[in-house]
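# Results of the structural survey
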Amino acid sequence: MSATSSSDRILNAGVLGATGTVGQRFIVLLSQNPMFRVHSLGASERSAGRPYRQATKWKMSDLMPEEVRDVVVKSCDPAHFAGCDVIFSGLDASVAGDIEKAFMESDFAVFSNAKNYRMVPNVPLCVPVVNTDHYSLIAAQRAEYGLKKGFIVTNSNCSTSGLVVPLKALQDKFGPLKRVIVTTLQAISGAGYPGVASLDILDNIVPLISGEEPKMEAEVLKILGGVNDGATACAPLADLRVSATCNRVPVVDGHTECVSLEFAGTPPPIEEIKQCLREYTCEAQELGCYSAPKQVITVTEEEDRPQPRLDRNAGEGMSVTVGRIRECPVFHVKFTLLVHNTVLGAAGASILNAEYAAKKRLI
Ligand SMILES: NC(=O)C1=CN([C@@H]2O[C@H](COP(=O)(O)OP(=O)(O)OC[C@H]3O[C@@H](n4cnc5c(N)ncnc54)[C@H](OP(=O)(O)O)[C@@H]3O)[C@@H](O)[C@H]2O)C=CC1
Ligand SMILES: N[C@@H](CC(=O)OP(=O)(O)O)C(=O)O
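Residues numbered from 1 in each chain as written. Chains lettered and ligands numbered in written order. Predicted model: local features only at pLDDT ≥ 70, side-chain atom pairs only at ≥ 80, totals over all residues. Heavy atoms only, no water.

The name an unreviewed UniProt entry assigns to the protein is Aspartate-semialdehyde dehydrogenase, from the organism Coemansia spiralis. The UniProt entry for the protein carries the following comment under Catalytic activity (unreviewed entry): "L-aspartate 4-semialdehyde + phosphate + NADP(+) = 4-phospho-L-aspartate + NADPH + H(+)". Note on the protein: under the UniProt heading Sequence similarities (unreviewed entry), the record states "Belongs to the aspartate-semialdehyde dehydrogenase family." (UniProt positions renumbered as here; feature names shortened; annotations may be inferred.)

Quick look at the structure:
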């Protein structure tokens, strides 16, 4: 984590879906972040009117921060969030569409984890260590809705957020990729709370996460693509083909992904691939954003890493660990990566997105 500069303002944050798995991760990360002060918390009518400590089944290993324990949870009406500079949403996708739009139309800067607006052409689908250039779409979004300050920026799916990081590094250095095949081993926290029944997941692997594979396949193309000439819409990659197979495994946090890829051109030697991943840097680091990891990609040389229990907290959950980098006899190269699904895969990415937007004076 970088030190904040004296020009950074402290921003009042509202958290929607504050009682859920992603919402709780927001609370922990925001309480440790000098750029934000938790101002208002929102959740469903089931939780509204109750102090946060009573409304929430706290599942984080960190203690519930003192400053939120007695905050009364509100329903997710923009009128209840006056005074917030930024809105973080960990809302269930079944309700996120209408609620996040209402906040955006009320001129709030909304950072969403839900799938609802990810593929809208003028909404940045932003993994903040990969494609902050997509923030140029915000002017078009504001023009469409006649807004002065409001916008929506979304996170990707949590498995997508790990995958695109090494792909971006390799694409930037060695040119376009042609084909990617990824098989995921996804943690149970990805399914929210209470999530997958223990009788389904203990002593078991479930080879289906409904809707996950097409999301990953489409999101990668949008994130690794650019924006069109007037910055009115994203321009997804047209020539890359991605195939995803997604599995749920009995791990609490941390999604593991086995990746095989083919370059469009001549493949570089394995040692150059490792060096490229180690040396990858991003704009959020250059700007000194507080939550940007020192090392965007942690390359491991141990032959049996990455492992979720050992590696998920690399870079305080904001670094993607890549190991077992080797030649692939079918495509060009294969490796295994690990991403913390509720940090870089969710709340941590939203917070870094907001830090970046603040540095760019968009908030
Ligand atoms: N878990 C993960 O690793 C990732 C999750 N996501 C996405 O983030 C979002 C949150 O996921 P997660 O935290 O796992 O889900 P949870 O089920 O754990 O939490 C859902 C939250 O939504 C709130 N909510 C539900 N219904 C309503 C409603 N009618 N009005 C207002 N609030 C409501 C809940 O409040 P209450 O407690 O009052 O019911 C709760 O705070 C989802 O869209 C998910 O797809 C994205 C990437 C990774
Ligand atoms: N489906 C992911 C988490 C998630 O909620 O993703 P999305 O926001 O794309 O639905 C998982 O189960 O690990």
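Further notes follow.
### Side note on the overall build of the protein
A tally of regular secondary structure across the protein gives 12 helices and 14 strands. Here the C-alpha radius of gyration of the protein, 20 Å, is about what a compact globule of 363 residues would show, namely 21 Å. Relative to its 363 residues, the protein shows a buried fraction of 56%. In the protein, the proportion of contacts linking residues at least 24 apart, taken out of those at least 6 apart, comes to 75%. For the protein, the distance from the average site of its 36 positive side-chain charges to the average site of its 40 negative ones is 3 Å. (Helix = DSSP H or I, 4+ residues; strand = E, 2+ residues; numbered from the N terminus. Rg over C-alpha atoms; globule rule 2.2 N^0.38 Å. Buried < 20%, exposed > 50% of the residue type's maximum accessible area, 1.4 Å probe, protein only. Contact = heavy atoms within 4.5 Å. Lys, Arg positive; Asp, Glu negative; His and termini not counted. Charge placed at Lys NZ, Arg CZ, Asp CG, Glu CD.)

### Topic: the UniProt feature "domain: Semialdehyde dehydrogenase NAD-binding" (unreviewed entry) in the protein
In the numbering used here, UniProt assigns the feature "domain: Semialdehyde dehydrogenase NAD-binding" (unreviewed entry) to residues 12–138. Here residues 12–138 is 26% helix and 18% strand, with 21 Å between the C-alpha atoms at its ends.

### What about the site of ligand 1?
Within the structure, ligand 1 sits among 28 residues, and Thr19, Val22, Ser44, Arg46 and Ser47 are positioned closest to it. Side-chain polar atom of Thr19 to an oxygen atom of ligand 1: 2.5 Å apart, as the coordinates give it. In the environment of ligand 1, a nitrogen atom lies 3.0 Å from a nitrogen or oxygen atom belonging to the backbone of Ser189. Expressed as a share of its isolated accessible area of 910 Å², the protein-covered part of ligand 1 is 81%. Every element with two or more residues in the shell around ligand 1 is listed here: helix H1 (21–31), helix H4 (93–105) and helix H12 (343–359). A total of three residues in the shell around ligand 1 trace back to one element, the largest contributor, which is H4. (Near = heavy atom within 4 Å. Polar contact = N/O pair within 3.5 Å; in protein donor to acceptor, adjacent residues only side chain to side chain. Areas by Shrake-Rupley, 256 points an atom, 1.4 Å probe, with all protein chains shown as cover.)

### Observations regarding the site of ligand 2
By nearness alone, every residue bordering ligand 2 is listed as Asn113, Arg118, Asn157, Cys158, Gln186, Gly190, Ala191, Ile209, Glu212, Lys215, Arg248 and His255. Within the side chain of Glu212, a nitrogen or oxygen atom sits 2.7 Å from a nitrogen atom of ligand 2. With the chains in place, 79% of the 340 Å² that ligand 2 exposes on its own is no longer accessible. Among the residues making up the shell around ligand 2, the classes are represented as three nonpolar, five polar and four charged. Counting contributing residues per domain, the shell around ligand 2 is built from domain 1 (11–157 + 347–359) and domain 2 (159–340), each supplying no fewer than three. (Nonpolar A, V, L, I, M, F, W, Y, C, P; charged D, E, K, R; others polar. Domains from an automatic or database assignment.)

### Side note on H12
For H12, which comprises 17 residues, the first-to-last C-alpha distance of 21 Å sits more than 12% below the rise-based estimate of 24 Å (1.5 Å per residue). Helix geometry: H12 is bent most strongly at Ala349, by close to 50 degrees. The element H12 is largely enclosed, with a buried count of 16 among its 17 residues. Taken from the residues just after H12, Arg361 is the one with a positive phi, measuring 60 degrees. (Expected span 1.5 Å × (residues − 1). Bend = angle between axes of the 7 residues up to and from the residue.)

### Considering the nonpolar core
Counting residues in each nonpolar core, the largest one holds 85 residues, and the members touching the most others are Phe36, Phe88 and Phe111. In terms of residue count, the dominant contributor to this core is H12 (10 residues). Both domains that meet at this core, namely domain 1 (11–157 + 347–359) and domain 2 (159–340), each give it at least three residues. Counting residues in each nonpolar core, the second largest holds 17 residues, with Leu16, Phe81, Phe108 and Tyr117 among its members. (Core = buried A, V, L, I, M, F, W, Y, C linked by side-chain atoms within 4.5 Å.)

### Focus on the packing of helix H6 (residues 158–174) against helix H9 (residues 270–279)
Two quantities define a packed helix pair, namely the angle between the axes and the distance from one axis to the other. Their axes nearest at 9 Å, the elements H6 and H9 cross at an angle of 115 degrees. Taken as axis vectors, H6 and H9 run roughly perpendicular relative to one another. For H6 against H9, the interelement crossing comes out right-handed. The segment H6 lies against H9, with Pro166, Ala169, Leu170, Lys173 and Phe174 engaging Glu272, Ile273, Cys276 and Leu277. Of the residues assigned to the contact of H6 with H9, the class counts are seven nonpolar, no polar and two charged. (Axes fitted to C-alpha atoms, helices over the stretch in contact; angles between N-to-C directions. Parallel < 35°, antiparallel > 145°, perpendicular 65-115°, else oblique. Left-handed = near helix turned anticlockwise from the far one by under 90°.)

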